[in-house]
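Read off the chains here:
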2 protein chains.
Amino acid sequence: MRTTELFAPTLREVPAEAEIVSHQLLLRAGFIRREAAGVYTYLPLALRVLKKINQIIREEMDRHGGQELQMPIIQSAELWQESGRWDVYGPELFRLKDRHDRDFALGPTHEEIITALVRSEVNSYKQLPLLLYQIQNKYRDERRPRFGLLRGREFIMKDLYSFDRDEQGLQLSYQKMHDAYTQVFRRCGLRFRPVEADSGAIGGSDTHEFMVLADSGEATILFCEKESCGYAANVEKAALTNVLTKTGEDLKQLAEVSTPGAHTVEEVANFLHVSPQKIIKTLLYETEEEVVAALVRGDRDVNEIKLSNALHCLHLKLAGAGTVQDITGARVGFAGPVNLKSVRIIADLEISALVNAVSGANKDDTHLINVNPVRDFTIDIIADIRMVQAGEPCPRCGSTLKEAKGIEVGQIFKLGDKYSKVLGATYLDESGQKKTIIMGCYGIGVSRTMAAAIEQNHDQDGIIWPVAIAPYHVVVVPVSVKDENQAAMAEKVYHRLVEAGIETVIDDRPERAGVKFKDADLIGCPLRITVGAKAVANEQVEVRVRKTGETIMVPVDRVESFVLDQLGKL
Amino acid sequence: MRTTELFAPTLREVPAEAEIVSHQLLLRAGFIRREAAGVYTYLPLALRVLKKINQIIREEMDRHGGQELQMPIIQSAELWQESGRWDVYGPELFRLKDRHDRDFALGPTHEEIITALVRSEVNSYKQLPLLLYQIQNKYRDERRPRFGLLRGREFIMKDLYSFDRDEQGLQLSYQKMHDAYTQVFRRCGLRFRPVEADSGAIGGSDTHEFMVLADSGEATILFCEKESCGYAANVEKAALTNVLTKTGEDLKQLAEVSTPGAHTVEEVANFLHVSPQKIIKTLLYETEEEVVAALVRGDRDVNEIKLSNALHCLHLKLAGAGTVQDITGARVGFAGPVNLKSVRIIADLEISALVNAVSGANKDDTHLINVNPVRDFTIDIIADIRMVQAGEPCPRCGSTLKEAKGIEVGQIFKLGDKYSKVLGATYLDESGQKKTIIMGCYGIGVSRTMAAAIEQNHDQDGIIWPVAIAPYHVVVVPVSVKDENQAAMAEKVYHRLVEAGIETVIDDRPERAGVKFKDADLIGCPLRITVGAKAVANEQVEVRVRKTGETIMVPVDRVESFVLDQLGKL
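Quick caveat, the model's predicted, so the values are computed rather than measured. (Residues numbered from 1 in each chain as written. Chains lettered and ligands numbered in written order. Predicted model: local features only at pLDDT ≥ 70, side-chain atom pairs only at ≥ 80, totals over all residues. Heavy atoms only, no water.)

K.L.:
Would you mind going over the overall build of chain A in detail, with residue names and values included?
P.N.:
Assigned secondary structure in chain A consists of 15 helices and 31 strands. Expressed as lengths along the three principal axes of its C-alpha atoms, the size of chain A is roughly 95 × 65 × 50 Å. For chain A, with 570 residues in total, the buried portion stands at 58%. Considering only intrachain contacts with a sequence separation of at least 6, the fraction spanning at least 24 residues in chain A is 70%. Counting every atom, chain A has about 23,600 Å² of accessible surface; 48% of that belongs to carbon and sulfur. Distance from the positive charge centre (70 side chains) to the negative charge centre (81 side chains) of chain A: 2 Å. (Helix = DSSP H or I, 4+ residues; strand = E, 2+ residues; numbered from the N terminus. Buried < 20%, exposed > 50% of the residue type's maximum accessible area, 1.4 Å probe, protein only. Contact = heavy atoms within 4.5 Å. Areas by Shrake-Rupley, 256 points an atom, 1.4 Å probe, with all protein chains shown as cover. Lys, Arg positive; Asp, Glu negative; His and termini not counted. Charge placed at Lys NZ, Arg CZ, Asp CG, Glu CD.)

Structure follows, in structure tokens:
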């Protein structure tokens, strides 16, 4: 491809709309353009990357027993009503009506359609297992679309659904997909981790997220420092197994102390000269059914996902100042579990081990000291409801946990019978018994993976594509196209590479070399080949590795073998 | 692939919902399933066919200078308002609102988005020409979706847009695409014709449709019997160039005759013993602005598209009985141009050559004889407004026109400045002058092409895929999988073929041979290889050609070379 013909308009300025680096670079390097909030056109360079990711995904899905099909994007509301999700799904669902006033949605996911399809077409155990997938635009009407392709309203997904006879079959399909996903991201050339995750609204039991590691990632991962252990989890999920026991300390007498203006844990700790570990932090949450008081140690944070799961509630938010005043009789900052009426108390595991602790007194500017669980207040639910932190012991092996940031690019779920039961997808087993099909679902964000690859692989000059998903492998830059010898040699190098099957761009624009180097760095193909005056004189060209900046002089007559060799090493 | 693992559920019965053969066979052979009216899931076999068509299209678009990108499916209303089409486009446009109540449409076509993109990114003549395309789901909310994939509401399209400096550049791009389309349909193995067509609502000047020839086609094509001439046109477009002159006959005196109960041309001709060629057929049409009287000879039919174009109107329909009564003072069947007040008269070219003709008298049960244009009535517009018929002379060379039926699978348009002008897509030429970009647009219905291929290539037993777009090339059928020797030889043949890169299915189901043969014919792969008892005895297998029914015995040890050879010949 010639740069003079390639539609890849680069920008010198960082677009104001772009908050994060992948968004900035995708715009600047001419990969995408914004059409509406969270809606983008993929220009030719981006489409080449997406196709390579898709191809890797297809190969791995097929190799692991998947069959590709394509379901519609517009989905009739009927099946969503049957599954019950039409009413439950919030404003994230794009809804529309056809000319006959019938309801449709733009598919955010395809559990209903695929389950109904399998319900119609599968009758016998002989037809199972079945793994069906598609790669397609998906839709989610985000309240605040942002971060470019990381949180769009139209995005590309691979979604696979597995259909098995039983949980054992599901476990096999799940493991197949875990392996396939590992292969996909490995082949894409990304550093990533599969982590245990919370299954959230989709339901089901086990689930893993595949995280591309990047400092800009919005997810926090905790992983065991011991590689042989392998434990890794989204911080939302990271579980605790350690049971604390009380110290032998004598229980002292409960007493009220005045703590004027001390609202925060830090203020109270300083004021009373106690460690935050001795303080009971009391937070009031509202669910769709009740207000609860959640207790964690002063040095901990509530994990709202664990809290939701423990309460079996759908929605959860911190109570407002008015509610806090009504329930505690005090301003925010002075709530505590002692004599707290009319709400249930849910305490983190660590709370029951506290002796002679400090808590709010439900009275302005006042705290209690020598608070002791059971003696001074009743806990309704004891559960793991706090955030685990780096430095704590690994719940699997006891070594120390470390922290990393990641971008979720894939997730695999065990759905069980959640959809097949309500939609009636069954099969007959060997003895003619009707059984419910057991399902799993498995997603990869394709456009998101492209953006995550950039978050992980870039420098101040631009993108650094992993070879496997680079839009082109090599850009050939004649320093001056006006110099006939340079132009001729650049063409010669270009044709040698193309004939060797190497995906190559020649930057044949009559621009200054500096402009062309800048664009080459910005677009980020793995190798740049510079053809200047010296090259012409010595029949040698300079090959520059984008990732390391290393330059090597290579004779023109073996440039293609050198390039193939370098690409293999990168 | 093994049939026991392939998700291709075949049906024995012809589904009641399917009116035409491609729809029936796509359902029966397990290629598609209906999700809603005009909305389908493409099962694995269909997706394989679609991907092959897409690949051929991509190769030809790229070879002819196209660059692939991908625009969004959901389009903000703003650009459509800017182009004026938001209000003009009828209920065929799927419209929706996002959570912030902003208007969007599901793209039926992408002129607005691509023109706005080029408006932002192209400034200089150096960036032109530019040919950009995508392959994507498109949406049209048909009032009555039917014929399966031939008239769906969600369908797959390739749309390319060309951007040139001037009409001359457009002509080159147009010719490139004409060539590319010819290659695409040739490579798909289809019999087709490019035909002149009417440009209709998209506007612009030249346009050609690419028609797959099939008796079930809804379009009528007229083409010159002389191959060297090459004239071919959609009957809607087929033009007339022959000028008729009046006979030398003396003009006789206008007279009224009673024609009780004679409404139709045939009845009047019989009653008055005149040829239909002597009768003036008068039809009243309503447009959005007026009622007009359209006159054609009794042996001709009005071509409503030509009539619309001649009147420059958007909508056109035959006037109802009430309007006819109001304007002519008579029942339907007795309208005529003489003394017809208050409407404009538009007459076909042939009308002005009539002498002593017959027409309705605008009076019940009465006609006029010896009607002569100019003397007896005034014509407001003379134009070519009739249907051309097979048997008439070719407008290019004068030879005889023949008729064929076709299915439109592609259309290419010269848009000119229709979109670039209103959206302000300009460039600076060599002298710094601002000029409007000149555009063309070029569509291929991908899913429609798959259906058209079936309409053209099938028999009573099922589909007969052209090799280039067949889902698989060969199906290997062991007559009895319970016979270990047969099963083993079938596996051997299967592996030889797969290793030779031949796309092969082995029907390893424990079904009767008859069932497997029926399914093989239904699905329609080009070759079937039967492995029975005789095959095992002689180390020979039977290769059957789906298209001809021919069977050839082939030694197992050279089955793959024979198959490759056969596929090359088909």
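K.L.:
Hey, could you go over the relation of the copies chain B and chain A for me, with residue numbers and the actual values?
P.N.:
The transformation that overlays chain B on chain A combines an axial shift of 0.0 Å with a rotation of 180°, and the residual RMSD is 0.1 Å. In symmetry terms, the pair is related by a two-fold rotation axis. When C-alpha positions in chain B are compared against the rotation axis, the closest is assigned to L96(B), at 2.6 Å. Of the residues that chain B buries at the interface, 100% are likewise interface residues in chain A, meaning the two copies contact each other through the same surface. (Least-squares fit on C-alpha atoms with pLDDT ≥ 70 in both.)

K.L.:
Just give me the short version of the packing of helix α2 (residues 44-63) of chain A against helix α6 (residues 167-187) of chain A, but keep the residues and values in it.
P.N.:
All names here are of chain A. Between α2 and α6, the least distance of the axes is 9 Å, while the angle of their chain directions is 155°. Viewed along their axes, α2 and α6 adopt a mutual orientation that is roughly antiparallel. Two packed elements cross with a definite hand, and for α2 against α6 that hand is right-handed. Along the contact surface, α2 presents I56, I57, E59, E60, M61 and R63, while α6 presents M177, A180, Y181, Q183, V184 and R187. Its residues assigned to classes, the contact of α2 with α6 shows 7 nonpolar, 1 polar and 4 charged. (Axes fitted to C-alpha atoms, helices over the stretch in contact; angles between N-to-C directions. Parallel < 35°, antiparallel > 145°, perpendicular 65-115°, else oblique. Left-handed = near helix turned anticlockwise from the far one by under 90°. Nonpolar A, V, L, I, M, F, W, Y, C, P; charged D, E, K, R; others polar.)

K.L.:
Explain the sheet that holds strand β15 (residues 291-297) of chain B to me, using residue names and the numbers behind them.
P.N.:
Residues and elements named next belong to chain B. Strand order in the open sheet made by the 5 strands is β16-β14-β15-β17-β20, with mixed pairing throughout. Of all strands in the sheet, those with a lone pairing partner are β16 (316-318) and β20 (381-383), marking the two edges. For this sheet, the mean angle separating the axes of adjacent strands, direction not counted, is 30°. Both strand β17 (residues 344-348) and β20 contribute to a ladder of 3 bridges, which runs parallel. For D348, the partnering residue across the bridge sits in β20 and is A383. (Pairing = 2+ DSSP bridges.)

K.L.:
Let's hear about the sheet that holds strand β15 (residues 291-297) of chain A: which residues, and what values?
P.N.:
Residues and elements named next belong to chain A. Overall, mixed pairing links the 5 strands, which are arranged β16-β14-β15-β17-β20 in an open sheet. Among the strands making up the open sheet, the edge pair consists of β16 (316-318) and β20 (381-383). Pairwise comparison of adjacent strand axes, ignoring direction, gives a mean angle of 30° for this sheet.

K.L.:
Can you break down empty space enclosed by the protein residue by residue, with the values?
P.N.:
Inspection of every chain in the model, using the stated rule, returns 2 cavities of 30 Å³ or more. By volume, the largest cavity amounts to about 40 Å³. The wall of the largest cavity is formed by V475(B), A520(B), D521(B), C525(B), P526(B), L527(B), R528(B), R544(B) and R546(B). Per-class residue counts for the lining of the largest cavity are 5 nonpolar, no polar and 4 charged. In this model, the second largest cavity occupies a volume close to 30 Å³. Lining the second largest cavity are E35(A), Q75(B), S76(B), L79(B) and I113(B). (1 Å grid on protein atoms, 1.4 Å probe; cavity = no way out; pocket = protein on both sides within 12 Å on 5 of 7 lines; lining within 4 Å. Points joined across faces, edges and corners; volume = space filled by probe spheres on them.)

K.L.:
Please give an account of the domain arrangement of chain A that cites residues and values.
P.N.:
Residues and elements named next belong to chain A. Partitioning chain A into domains gives domain 1 (21-239 + 403-455), domain 2 (255-383) and domain 3 (472-569). Relative to domain 3, the C-alpha centre of domain 1 lies at a distance of 39 Å. Each partner contributes residues to the interface: domain 1 has 7 residues there, and domain 3 has 5 residues. Counting each side, the surface lost to burial between domain 1 and domain 3 is near 580 Å², with a carbon and sulfur contribution of 60%. Put simply, domain 1 and domain 3 have 2 salt bridges between them. If you tally residues by element for the side of domain 1 that touches domain 3, the top one is α2, at 3 residues. Here the residues of the side of domain 1 that touches domain 3 are counted per class, giving 4 nonpolar, no polar and 3 charged. (Domains from an automatic or database assignment. Buried area = accessible area lost by both parts, 1.4 Å probe. Salt bridge = Lys/Arg side-chain N within 4 Å of Asp/Glu carboxyl O.)

K.L.:
Lay out the side chain of T207(A) in plain terms, naming residues and giving numbers.
P.N.:
Residues and elements named next belong to chain A. With respect to the helices and strands, the residue T207 is situated in strand β10 (residues 207-213). The class of T207 is buried, set by a relative accessible area of 4%. Side-chain polar atoms of T207 contact the backbone oxygen of I412, separated by 2.8 Å. (Polar contact = N/O pair within 3.5 Å; in protein donor to acceptor, adjacent residues only side chain to side chain.)

K.L.:
Give a detailed account of the packing of aromatic side chains, specifying residues and quantitative values.
P.N.:
Here the structure, examined in full by the defined rule, presents 18 aromatic pairs over all chains. Site record: aromatic cluster; members linked through ring pairs are Y181(A), F185(A), F192(A) and F210(A). Above the face of the W86(A) ring, R95(A) is positioned so that its terminal group lies 4.6 Å from the ring centre. We note R193(B) situated over the ring of F223(B); from NZ or CZ to the ring centre the distance is 4.0 Å. (Phe/Tyr/Trp six-rings, centres within 6.5 Å; stacked < 30°, edge-to-face > 60°. Lys NZ or Arg CZ within 6 Å of the ring centre and 35° of its normal.)

K.L.:
Outline the pattern of salt bridges, supporting the account with residue identities and numerical values.
P.N.:
A side chain of one charge can pair with a side chain of the opposite charge if their charged atoms are brought near each other. This model, assessed by the stated rule, comprises 104 salt bridges over all chains. Close ionic contact of D301(A) with K281(A) constitutes a salt bridge, the shortest N to O distance being 3.6 Å. With D301(A) in the loop between β15 and α8 (304-311) and K281(A) in strand β14 (residues 280-287), this pair connects stretches of sequence that are 20 residues apart. Residue R300(B) pairs with D299(B) through a salt bridge whose shortest N-O separation is 3.9 Å. Residue classification places R300(B) among the buried positions, given a relative accessible area of 9%.

K.L.:
So what's going on with the pairing of strand β6 (residues 103-106) of chain B? Residues and values would help.
P.N.:
All names here are of chain B. Examined bridge by bridge, strand β4 (residues 74-76) and β6 share 3 bridges and lie antiparallel to one another. Paired with I74 across the bridge in β6 is L106. The pairing of strand β5 (residues 95-97) with β6 spans 3 bridges and is classified as antiparallel. Across the sheet, R95 pairs through a bridge with A105, a residue of β6. Linking two consecutive strands that pair antiparallel, namely β5 and β6, is a turn of 5 residues; a positive phi of about 70° is found at D101 within it.

K.L.:
Kindly report on the interface of chain B and chain A, identifying the contributing residues and their values.
P.N.:
Listed by partner, the interface residues are 50 residues for chain B and 50 residues for chain A. Between chain B and chain A, the buried area comes to about 4,500 Å², and carbon and sulfur atoms account for 61% of it. Of all residues in chain B, the largest losses of buried area upon contact with chain A belong to F7(B), Q70(B) and R99(B), amounting jointly to 17% of the total for that side. Put simply, chain B and chain A have 8 salt bridges between them. For R33(A), the salt bridge is made with E121(B), and the minimal N-O distance between the two is 2.6 Å. Looking at side-chain class alone, the side of chain B that touches chain A contains 27 nonpolar, 6 polar and 17 charged residues.

K.L.:
Go over the packing of helix α1 (residues 21-28) of chain B against helix α11 (residues 446-456) of chain B, please, and point to the residues and values.
P.N.:
Residues and elements named next belong to chain B. Contact geometry for α1 and α11: axes closest at 8 Å, N-to-C directions at 105°. With respect to each other, α1 and α11 are oriented roughly perpendicular. Here V21, S22, L25 and L26 of α1 come into contact with α11, specifically with M450, A451, I454 and E455. Taken together, the residues that form the contact of α1 with α11 break down as 6 nonpolar, 1 polar and 1 charged.

K.L.:
I'd like a description of helix α2 (residues 44-63) of chain B, backed by residues and values.
P.N.:
Look at α2(B): 28 Å from first C-alpha to last across 20 residues, which is about the 28 Å you get at 1.5 Å a residue. Two residues or fewer past α2(B), G65(B) is found with a positive phi of approximately 95°. (Expected span 1.5 Å × (residues − 1).)

K.L.:
Kindly report on the environment of E408(A), identifying the contributing residues and their values.
P.N.:
All names here are of chain A. Checked against the element boundaries, E408 lands in strand β21 (residues 401-416). A residue is classified by how much of its surface remains accessible, and E408, at 27% relative accessible area, is partly exposed. Spatially, the C-alpha atoms of E408 and P194 are 9.4 Å apart, while their sequence positions differ by 214 residues. Among all residues touching E408, those that are not within four sequence positions of it are E209, F210, M211 and R448.

K.L.:
Residue-level account of helix α15 (residues 559-569) of chain A, with values.
P.N.:
Residues and elements named next belong to chain A. For α15, the full list of buried residues reads V559, E560, F562, V563, Q566 and L567. Buried positions in α15, seen along its axis, are confined to an arc of 160° and lie on one side of it. The outward face of α15, more than 90 degrees from its buried face, is lined by the exposed residues G568 and K569. Considering only its buried residues, α15 is in contact with β27 (474-478), α12 (484-499), β29 (527-531), β30 (540-545) and β31 (551-555). (Arc of directions from axis to C-beta.)

K.L.:
Tell me about the side chain of E142(B), and please be specific about residues and values.
P.N.:
Within the secondary structure layout, E142(B) lies in the loop between β7 (130-139) and β8 (154-164). On the accessibility criterion, E142(B) (14% relative accessible area) is buried.

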